[in-house]
Amino acid sequence: MNDKNKNFLPMISKIVDEDKEYLIDILSKLVTYDSTMGNELKAQNFILNLFQDLNLQTKKIPIKTQDYLNAPLFAKSLINYDNEKHFNVIGIHNAESVKGKSLILNGHIDVVPIGSAKLWTSPPFEPVVHGDWLFGRGSGDMKAGLASIIYCLYLIKKHEVHVNGKIILQSVIEEECTGNGALACLNEGFTADAAIIPEPFNETIMRAQVGVMWIDIDVYGKPAHVLDKSTGVNAIEHAFDLWNYLLKLEKEWNDDLKSKVKFNWVNEPINFNFGLIEGGEWRSSVPTHCKMGIRVSFDPDWEPKEVKKLLERHVEKYYRHENKSSSCFAEISYNGFQSKGCIVDIDDSTFINTLTQSHLEVFKKQPTMYSSTATTDIRVLSNYGNIPSTCYGPIAKNIHGIDECVSISSTLSITKSILNFIFKWCGTS
């Protein structure tokens, strides 16, 4: 009988449940690390030690900006890279034979900022378990997924399962802002027959994701003393006017994408977000400058260079038709995500069919095929690496929000399904 059709589940369920404290312990330790952008070093060293403890072939992959400037998906970072502090970690389990297919299991170590700490019920980098939920920044997005794929290799090693295909574990940085971490791994030659990223998409298989772009808009007004503020133009107020005009474009793009099958279930697949603002110089002066940090998403079929032209034309149109003062103008720059979306082949894919079967055996129901209104590193592996890829991870709540948490039972179930997939995809002997 072919490995793809073998019933590994009784053995998998037994070994996953027996050692589940290993997974919970790793996840808890990962949450203790503040691995926000630029602070990933301690967490990555922890991952490196875990990989070495599992006798995996390990490698550190820094992001070498000069090597990737011409890569289609390279994005300008928000920090200056220090190769001693900012690196990906690779752990390779080499197959004893080459009969099976290879697999990348990828997760990102970086997490978003906590917001206001006083809004959290407990400190965000101190993991707390309440019932089935483990709380802490990054618990869901996506340290539970990282813990899950590490746990899979721990069980394979502990129980001496002979897997016939190479498995490459990747713990990458910069997923939350550029995707340059995954790009660096690809540029170093790490590829495979398929890839799974266990992002916290609630036990679904991702079928599509939108494109995402970060833009900065510097808005300039006309300074004046407040004794006669009518002689000036308030750049901050002006920025909000421009923002409201940009929302017209958001509506147009939403109306267009909602008509397409993969996103017709989503009320607003396109989301513009006014995430940062810096402005003003003096409380008693009409401000002359305001900087907006904006995230836009777009149709996965569109190219980023096309999106830039559409945005720039829209801003130009605002100044031609809406602006009441010739002294005002805006400058657009691009930092962070410049990411095309992607479409996953779910209709004629041995990879997706195998993952679907693995899910069905564990969860006793067909998986939901999910179209994401966010972006993930799948776009790098799929669009640039031509690797059949998807996201498939546990149930989580409040990701990027306050009191982020992840379901422990869901993480264990996803682990069973991914391990089941590994045995079917890579084969065993």
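Residues numbered from 1 in each chain as written. Predicted model: local features only at pLDDT ≥ 70, side-chain atom pairs only at ≥ 80, totals over all residues. Heavy atoms only, no water.

J.: Whenever I open this one, the overall build of the protein chain confuses me. Can you help?
T.: Scanning the protein chain for helices and strands turns up 11 helices and 19 strands. A principal-axis box enclosing the C-alpha atoms of the protein chain has dimensions of 80 × 45 × 45 Å. Within the span of the protein chain, comprising 429 residues, buried residues form 56% of the whole. Pairs at least 24 residues apart make up 83% of the contacts formed inside the protein chain by residues separated by at least 6 positions. Counting only carbon and sulfur atoms, one obtains 49% of the accessible surface of the protein chain, whose full area is about 18600 Å². Treating the 44 positive side-chain charges of the protein chain as one cloud and the 52 negative ones as another, the clouds have centres 2 Å apart. (Helix = DSSP H or I, 4+ residues; strand = E, 2+ residues; numbered from the N terminus. Buried < 20%, exposed > 50% of the residue type's maximum accessible area, 1.4 Å probe, protein only. Contact = heavy atoms within 4.5 Å. Areas by Shrake-Rupley, 256 points an atom, 1.4 Å probe, with all protein chains shown as cover. Lys, Arg positive; Asp, Glu negative; His and termini not counted. Charge placed at Lys NZ, Arg CZ, Asp CG, Glu CD.)

J.: Is there a simple way to explain the nonpolar core in this structure?
T.: Looking at soluble globular proteins, one finds that nonpolar side chains tend to be buried together. With 93 residues, the main nonpolar core has Leu105, Leu419 and Ile422 as its most contacted residues. Setting aside anything within four residues of it in sequence, one finds Ile422 in contact with Leu103, Leu105, Cys152, Ile156, Val163, Ile167 and Gly427. Membership of the second largest hydrophobic core comes to 36 residues, among which are Val233, Ala235, Trp302 and Val315. (Core = buried A, V, L, I, M, F, W, Y, C linked by side-chain atoms within 4.5 Å.)

J.: What should I look at first to understand the packing of helix α1 (residues 9-18) against helix α11 (residues 408-426) in this one?
T.: The axes of two packed helices give the description: the angle between them and the distance between them. As a packed pair, α1 and α11 sit with axes 10 Å apart at the nearest point and diverge in direction by 135°. With respect to α11, the axis of α1 lies oblique. Crossing hand, α1 versus α11: right-handed. The segment α1 lies against α11, with Met11, Ile12, Ser13, Ile15, Val16 and Asp17 engaging Leu412, Thr415, Lys416, Leu419, Asn420 and Phe423. By residue class, the composition of the contact of α1 with α11 is seven nonpolar, three polar and two charged. (Axes fitted to C-alpha atoms, helices over the stretch in contact; angles between N-to-C directions. Parallel < 35°, antiparallel > 145°, perpendicular 65-115°, else oblique. Left-handed = near helix turned anticlockwise from the far one by under 90°. Nonpolar A, V, L, I, M, F, W, Y, C, P; charged D, E, K, R; others polar.)

J.: Quick question: what am I supposed to make of the side chain of His359 here?
T.: You can see His359 is positioned in helix α9 (residues 350-363). Residue His359 is classed as buried on the basis of its relative accessible area of 1%.

J.: Sorry if this is basic, but what is going on with the packing of aromatic side chains here?
T.: By the definition in use, this model includes 17 aromatic pairs. Residues Tyr33 and Phe46 carry aromatic rings whose centres are separated by 5.6 Å and whose planes lie at 40° to one another, so their mutual orientation is tilted. Here Tyr33 is found in the loop between α2 (20-31) and α3 (41-53), whereas its partner Phe46 is found in helix α3, with 13 residues between them in sequence. Between Trp243 and Phe274, the ring centres sit 5.3 Å apart and the planes meet at 50°, which makes this aromatic pair tilted. Of the two residues, Trp243 sits in helix α7 (residues 235-257) while Phe274 sits in strand β11 (residues 273-279), which places them 31 residues apart along the sequence. In this structure Trp243 comes out as buried when scored by relative accessible area, which is 11%. Residue placement shows Lys308 over the ring face of Tyr334; its charged tip is 4.6 Å from the ring centre. (Phe/Tyr/Trp six-rings, centres within 6.5 Å; stacked < 30°, edge-to-face > 60°. Lys NZ or Arg CZ within 6 Å of the ring centre and 35° of its normal.)

J.: Which parts of the structure should I look at to understand the sheet that holds strand β15 (residues 342-343)?
T.: Hydrogen bonds along the backbone pair up the strands of a sheet, which may run parallel or antiparallel. One open sheet accounts for three strands, arranged β15-β8-β16; its pairing is mixed. Each edge of the open sheet carries a strand with a single partner, namely β15 and β16 (369-372). Pairing analysis gives four bridges linking strand β8 (residues 205-209) to β16, with the strands arranged parallel. Within the sheet, the bridge partner assigned to Gln209 lies in β16 and is Ser372. (Pairing = 2+ DSSP bridges.)

J.: How should I be thinking about the sheet that holds strand β19 (residues 405-407) in this particular structure?
T.: If you walk across this open sheet you meet the four strands as β4-β5-β19-β18, and the pairing is antiparallel. Strands at the two margins of the open sheet, each flanked by one partner only, are β4 (128-130) and β18 (396-397). Where β4 and strand β5 (residues 133-135) come together, three bridges link them in antiparallel fashion. Its bridge partner being in β5, Val128 is matched across the sheet by Phe135. On top of the sheet, α2 reaches β5 and β19; it is set at about 25° to β5, its chief contact.

J.: It is not clear to me how the packing of α2 against α11 should be interpreted in this structure. Could you clarify?
T.: Packing of α2 against α11 leaves a shortest axis separation of 11 Å and a crossing angle of 115°. Considering how the two elements wind past one another, α2 and α11 form a crossing that is right-handed. Of the residues in α11, those touching α2 at Lys20, Leu23 and Ile24 are Ile408, Thr411, Leu412 and Thr415. Classifying every residue of the contact of α2 with α11 gives four nonpolar, two polar and one charged.

J.: It is not clear to me how α7 should be interpreted in this structure. Could you clarify?
T.: Helical geometry note: an α-helix holds 3.6 residues per turn, so side chains three or four residues apart project in the same direction. In this model α7 runs 33 Å from its N-terminal to its C-terminal C-alpha over 23 residues, within 8% of the 33 Å that 1.5 Å per residue would give. Its buried side turned inward, α7 meets β9 (211-220), β11, β13 (289-298), α8 (304-321) and β14 (329-339). Between a side-chain oxygen at the N-terminus of α7 and the backbone nitrogen of Ile236 the separation is 2.9 Å; the capping residue is Asn234. (Expected span 1.5 Å × (residues − 1). Polar contact = N/O pair within 3.5 Å; in protein donor to acceptor, adjacent residues only side chain to side chain.)

J.: Would you explain the environment of Asp25 in this entry?
T.: Relative to the helices and strands, Asp25 resides in helix α2. Using a relative accessible area of 37% as the deciding quantity, one classes Asp25 as partly exposed. When the C-alpha positions of Asp25 and Asn80 are compared, they lie 33 Å apart, and in sequence the two are 55 residues distant.

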